[in-house]
Amino acid sequence: MYFYIETFGCQMNEHDSEKMASLLMESGMKLSPQLDCADVVVVNTCCVRQKAEQKFYSLMGRLRSIKKRRKIIVGVTGCIAQMEKNHLYERLPFIDFALGPSSIHNILHAIRNVMDYKPLFDFSDNGGAPSIFLNPNKGAHRIKAYVSIMKGCNNFCSYCIVPYVRGREVSRESKDILQEIEAIARRGIKEVTLLGQNVNSYNKGRDDLPFPELLKTINSIEGVDRIRFVTSHPRDISDSLIDCFGALEKLCEHIHLPFQSGSDKILSLMNRGYTSHGYREKVDLLRQACPHIAITADCIVGFPGEDEDDFEKTMRLIEDVQFDGLFSFAYSPRPYTKALNYDGAVPREIALGRLATLQKLQRNITHAKNRAMEGYTVDVLVEGTSKHSPYDLTGRTRTNKIVNFTGPEDLIGKNVAVTIIKGYANSLRGEKVREKEVMHA
Ligand code: SAH
Ligand code: SF4
Ligand code: F3S
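No experiment lies behind these values; they were computed from the predicted model shown.

K.L.:
A description of the overall build of the protein chain should follow, citing residues and the corresponding values.
P.N.:
Summing up its helical and strand segments, the protein chain has 13 helices and 19 strands in all. Radius of gyration (C-alpha) of the protein chain: 22 Å, near the 22 Å computed for a compact globule of 441 residues. Burial status across the protein chain gives 55% buried among its 441 residues. Accessible area of the protein chain: about 19,700 Å², with a carbon and sulfur share of 51%.

Shown next, in the form of structure tokens:
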């Protein structure tokens, strides 16, 4: 039996899909290269913005027509399943099972139930945590791996649905995380990304390693060359975490630190718990600890109550900080959230106009930053061949920038010193200098 998983949304969802794929493969099912050839199609969903939902419903339209022609099992997992619960089945009566994000470990059970005509719809308690203990892709040969360190979120930013669909924060015990990373290192995986909606509050209030200590311990695991983590909340980023950037040689020089808005009025309405000045101070501290750190962020325009002056403040923050990259979104009203009932809705055309202005500014900054790397030699972990040319390899710098260069396939999975010869808008072109035998040599 062949299965196919379509994933929408964030890295947590990508990782959840890997976990489900791993369970299905262990049971003897095979991964189908295409949706059209699969017997079981799992759609792992995201509801963070309306657009993600629209993409999901259009895929479901396609699956419904496939199902009319061919007998397939269709399951919906993840955040839309949790948001809609049983209404999902009312809207999409042709689906065979649905699992919320805390129930994905039941995927096999759900598929077997369908065969016994007992459809499973499990949105069980948001607090329980068995899903984060799954350790995916045990057999696969890979270069990078995700490791969940916690799930859920307690922050309740006023625009965000995540706490309602992923539940409250639950940290995983450090000894389990360390065991998983040791196993990953033994498999030859070079890069580990620790995942959590707000990693700074890992183990908050518990008698176990705080996040900076966890990083220090992982730094001493032999075999792992690179450590990354997502996501940090600017309010909670502590001095001891900032110090890790200068001190731990495996911790990559990159942080994703969403600011959401440059206006204190909007930040307060968003319930973010810091000011624009406070955000800038954190950036300064990070750059003092680690001068070449790359900083990326998320931001929202068109939040209710945002006027031209607030938007200008966001533009000024972007100009002042000079982000290496930015994910920017037009505000999307979401069910359950506090901002849904706020006054001062910004008309869609205005929000989209602001978004285009902001993205133009950021494109220029990113391009200029990439051009400024020309002539420098950087450490690249080679991830594979380029999608655009069979002769090119592609990899990432420690600052998380994509580098393409010509080289033999046996460099895949290795650290290579590459000189940057051209900085483009979204990537860098390089030339291989040498294969690095010793990291940071
Ligand atoms: N936990 C992470 C990311 C959560 S979702 C964090 O707190 O940083 C990723 C991004 O989606 C957010 O940072 C925010 O910029 C954006 N986002 C979330 N809800 C949104 C909404 N209702 N409308 C527009 N963008 C939203
Ligand atoms: Fe959403 Fe805020 Fe939690 Fe991030 S920190 S997941 S934006 S509520
Ligand atoms: Fe989307 Fe759920 Fe992630 S709503 S952003 S998939 S936590």
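K.L.:
Just give me the short version of the packing of aromatic side chains, but keep the residues and values in it.
P.N.:
Two descriptors summarise a pair of aromatic rings, namely the distance from one centre to the other and the angle between the planes of the rings. Applying the stated criterion across every chain yields a total of 13 aromatic pairs. Judged by centre distance (6.3 Å) and plane angle (45 degrees), the ring pair of Tyr279 and Phe323 falls under tilted. Taken as a pair, Tyr279 in helix H11 (residues 276-289) and Phe323 in the loop between helix H12 (308-321) and strand S14 (325-330) lie far apart in primary sequence, 44 residues in all. Pair check on accessibility: Tyr279 and Phe323 agree, each one buried. Members of the aromatic cluster, connected to one another through ring pairs, are Tyr159, Phe303, Tyr331 and Tyr342.

K.L.:
Give me the sheet that holds strand S10 (residues 191-195): which residues, what numbers.
P.N.:
The strands making up a sheet associate through backbone hydrogen bonding, with each pair oriented either parallel or antiparallel. Taking strand neighbours across the sheet as the criterion, the three strands line up as S7-S10-S11 in an open arrangement whose pairing is parallel. This sheet does not close on itself; its edge strands, each paired only once, are strand S7 (144-148) and strand S11 (226-230). Across the sheet, the axes of successive neighbouring strands diverge by a mean angle of 25 degrees, strand direction being ignored. Bridge count for S10 against S11 is five bridges, and the pairing is parallel. Considered in S11, the bridge of Leu195 is made with Val230. On the sheet, helix H7 (residues 174-186) packs against S7 and S10 and is oriented at approximately 170 degrees with respect to S7.

K.L.:
I'd like a description of the packing of H12 against helix H13 (residues 348-371), backed by residues and values.
P.N.:
Close contact between H12 and H13 brings their axes to 10 Å; oriented N to C, the two are set at 10 degrees. It follows that H12 is roughly parallel to H13 by the angle criterion. Between H12 and H13, the contacting residues are Glu308, Phe311, Thr314, Met315, Ile318 and Glu319 on the first element and Arg354, Thr357, Leu358, Leu361, Gln362 and Ile365 on the second.

K.L.:
Describe the domain arrangement of the protein chain, with residues and values.
P.N.:
Along its sequence, the protein chain is organised into domain 1 (2-122), domain 2 (138-249), domain 3 (253-371) and domain 4 (377-432). For domain 1 versus domain 4, the distance between C-alpha centres works out to 35 Å.

K.L.:
Run through H11, naming residues and quoting values.
P.N.:
Between its terminal C-alpha atoms H11 stretches 20 Å, which fits the 20 Å expected from 14 residues at 1.5 Å a residue. Buried-residue contacts for H11 involve helix H9 (239-247), strand S12 (254-256), helix H10 (264-269), strand S13 (294-301) and H12.

K.L.:
Can you explain the pairing of S14? Please cite residues and give values.
P.N.:
Of the pairings in the sheet, the one linking S13 to S14 comprises six bridges and is parallel in character. Within the sheet, the bridge partner assigned to Val301 lies in S14 and is Ala330.

K.L.:
Would you mind going over the site of ligand 3 in detail, with residue names and values included?
P.N.:
Around ligand 3 sit Cys10, Asn13, Thr45, Cys46, Cys47, Val48, Cys79, Arg166 and Gln197, and that is every residue in its neighbourhood. Here the residues of the shell around ligand 3 are counted per class, giving five nonpolar, three polar and one charged.

K.L.:
Describe the site of ligand 2, and please don't skip the residues or the numbers.
P.N.:
In the vicinity of ligand 2, the residues found are Cys153, Asn155, Phe156, Cys157, Tyr159, Cys160, Val162, Pro163, Gln197, His233 and Arg272. Its residues placed into classes, the shell around ligand 2 shows seven nonpolar, three polar and one charged.

K.L.:
So what's going on with unusual backbone geometry? Residues and values would help.
P.N.:
For the bond running from Val230 to Thr231, omega is -5 degrees, close enough to zero to count as cis. Here the phi dihedral of Asn400 falls at roughly 75 degrees; this positive angle occurs in a residue that is not glycine. Tracing the backbone shows Asn400 in the loop between strand S16 (392-397) and strand S17 (402-406).

K.L.:
Before we move on, could you go through the confidence of the model for the protein chain and cite the residues and values that matter?
P.N.:
Overall, the predicted model of the protein chain reaches an average pLDDT of 93, with 95% of residues at or above 70. Contacts from residues 437-441, a stretch scored under 50 in pLDDT, to residues over four places away or in other chains number nine contacts.

K.L.:
Let's hear about the pairing of S10: which residues, and what values?
P.N.:
Of all five residues in S10, five are buried; the element is thus mostly enclosed. Of the two faces of S10, the one lined by Glu191, Thr193 and Leu195 and the one lined by Val192 and Leu194 are each fully buried. By the bridge criterion, five bridges tie S7 to S10 in an arrangement that is parallel. For Tyr146, the partnering residue across the bridge sits in S10 and is Thr193.

K.L.:
Requested: an account of the state of the cysteines, with residues and values cited.
P.N.:
Where two cysteines share a covalent bond between their sulfur atoms, that bond is called a disulfide. Inspection of the entire model under this criterion finds zero disulfides. Unpaired in this structure, Cys252 has its nearest cysteine sulfur neighbour in Cys290, at a distance of 10 Å.

K.L.:
Tell me about the pattern of salt bridges, and name the residues and values.
P.N.:
Opposite charge on two side chains lets them pair, provided their charged atoms get close. Under the defined criterion, the tally for this structure stands at 26 salt bridges. Ionic pairing is found between Arg142 and Glu18, a salt bridge with its closest N-O pair at 3.2 Å. Within this pair, whereas Arg142 is found in the loop between strand S6 (121-122) and S7, its partner Glu18 is found in helix H1 (residues 11-26), the two being separated by 124 residues in sequence. Take Glu18: its relative accessible area is 17%, and that puts it in the buried class. Here Glu53 ties to Arg334 by a salt bridge, and the two come within 2.7 Å at their closest N and O atoms. Here the residue Glu53 occupies a position in helix H2 (residues 50-69), and Arg334 occupies one in the loop between S14 and H13, the gap between them amounting to 281 residues.

About the criteria used
Residues numbered from 1 in each chain as written. Chains lettered and ligands numbered in written order. Predicted model: local features only at pLDDT ≥ 70, side-chain atom pairs only at ≥ 80, totals over all residues. Heavy atoms only, no water. Helix = DSSP H or I, 4+ residues; strand = E, 2+ residues; numbered from the N terminus. Rg over C-alpha atoms; globule rule 2.2 N^0.38 Å. Buried < 20%, exposed > 50% of the residue type's maximum accessible area, 1.4 Å probe, protein only. Areas by Shrake-Rupley, 256 points an atom, 1.4 Å probe, with all protein chains shown as cover. Phe/Tyr/Trp six-rings, centres within 6.5 Å; stacked < 30°, edge-to-face > 60°. Pairing = 2+ DSSP bridges. Axes fitted to C-alpha atoms, helices over the stretch in contact; angles between N-to-C directions. Contact = heavy atoms within 4.5 Å. Parallel < 35°, antiparallel > 145°, perpendicular 65-115°, else oblique. Domains from an automatic or database assignment. Expected span 1.5 Å × (residues − 1). Near = heavy atom within 4 Å. Nonpolar A, V, L, I, M, F, W, Y, C, P; charged D, E, K, R; others polar. pLDDT = per-residue confidence, 0-100. Disulfide = S-S within 2.5 Å. Salt bridge = Lys/Arg side-chain N within 4 Å of Asp/Glu carboxyl O.

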